[in-house]
Amino acid sequence: MNLELETERLRLSPLALDDADLAVALWTDPRVANFNGGVATEEDLREEMPLTTRRGAEGAIGIWCVRDKDSGRKIGSTYLLPLPIAADDVDYASLRLDRMPKGDIELGYFLTPPAWGKGLATEISRRMLRFAFDTAGLEEVVAAVHADNLASQNVLNKSGFSYTGIADCWGRSFPLYRLARADFSPV
């Protein structure tokens, strides 16, 4: 399974231990962490890297590092991971290479502020959905988003997701979006 993905402007590769600098850049920035549980410490982020680099389902489930194709600069991350319901984080220990996790698989994406407002999140979302349906064989993908994160809700709408109501996930209640393989248009 090819886990190295590309878009017109981006290169996506499985998150690795040496991507801790990206995790620190994203999750110590209050603008990025605003809708996602708040800032983390650099020490905690570096300590969690062995867990956050775990993959499941022959590598199809996990986190990818997003790089600008021209400069090679790390500008964000994206993921396909099990959607946690009562917990406030993914149970990374449940990811096993030999099987697809049970339950809903969530698409997520995070960009550094200089990459905002350029259509990159939509580009990432569409590429990850193509991977999810065409390569990983998923029948449906979900996305939970903070009620005040209108930019991300717009990305989900442009990517073909449909709002399905408020759902319990990430230990709280969030607007939930769904997209079935049959309803996905890769254009």
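Note that this is a predicted model, so its numbers are computed, not measured.

Across its full length, the chain holds 5 helices and 8 strands. Listing every helix and strand of the chain by position from the N terminus yields β-β-α-α-α-β-β-β-α-β-α-β-β. A compact globule built from 187 residues should have a C-alpha radius of gyration of about 16 Å, and the chain, at 15 Å, falls within 12% of that. Each principal axis of the C-alpha atoms in the chain carries an extent, and together these give about 40 × 35 × 35 Å. Within the chain, the fraction of its 187 residues that count as buried is 49%. Residue pairs in contact within the chain that sit at least 24 positions apart in sequence constitute 67% of those at least 6 positions apart.

With that out of the way, let us pick up the side chain of Ser-13. Inspection of the secondary structure assignment puts Ser-13 in strand β2 (residues 10-14). Of the polar contacts made by the side chain of Ser-13, one reaches the side chain of Arg-67; its length is 3.0 Å. Excluding anything up to four places from it in sequence, Ser-13 contacts Leu-3, Glu-4, Ile-63, Trp-64, Cys-65 and Arg-67.

The contact between helix α1 (residues 20-27) and helix α3 (residues 42-52) brings their axes to 9 Å, and the two run at 140°. Judged on the interaxial angle alone, α3 and α1 are oblique. Considering how the two elements wind past one another, α1 and α3 form a crossing that is right-handed. Counted together, Ala-20, Asp-21, Ala-23, Val-24 and Trp-27 of α1 and Glu-42, Leu-45, Arg-46 and Met-49 of α3 form the full contact between these two elements. Of the residues belonging to the contact of α1 with α3, the class tally is 6 nonpolar, no polar and 3 charged.

Now for the pattern of salt bridges. If the charged atoms of two oppositely charged side chains come close together, the side chains can form a pair. Under the definition given, this model contains 12 salt bridges. Here Asp-19 ties to Lys-74 by a salt bridge, and the two come within 2.8 Å at their closest N and O atoms. Placement of Asp-19 in the loop between β2 and α1 and of Lys-74 in strand β4 (residues 74-82) is noted, with a sequence separation of 55 residues between them. In this structure Asp-19 comes out as buried when scored by relative accessible area, which is 1%. Look at Lys-74 and you get partly exposed, because its relative accessible area is 22%. Taking the shortest distance from any N to any O, the salt bridge between Asp-21 and Lys-74 comes out at 2.8 Å. Here Lys-74 lies in strand β4 and Asp-21 lies in helix α1, a separation of 53 residues in the sequence. The exposure class assigned to Asp-21 is partly exposed, which follows from its relative accessible area of 40%.

Parameters at a glance
Residues numbered from 1 in each chain as written. Predicted model: local features only at pLDDT ≥ 70, side-chain atom pairs only at ≥ 80, totals over all residues. Heavy atoms only, no water. Helix = DSSP H or I, 4+ residues; strand = E, 2+ residues; numbered from the N terminus. Rg over C-alpha atoms; globule rule 2.2 N^0.38 Å. Buried < 20%, exposed > 50% of the residue type's maximum accessible area, 1.4 Å probe, protein only. Contact = heavy atoms within 4.5 Å. Polar contact = N/O pair within 3.5 Å; in protein donor to acceptor, adjacent residues only side chain to side chain. Axes fitted to C-alpha atoms, helices over the stretch in contact; angles between N-to-C directions. Parallel < 35°, antiparallel > 145°, perpendicular 65-115°, else oblique. Left-handed = near helix turned anticlockwise from the far one by under 90°. Nonpolar A, V, L, I, M, F, W, Y, C, P; charged D, E, K, R; others polar. Salt bridge = Lys/Arg side-chain N within 4 Å of Asp/Glu carboxyl O.

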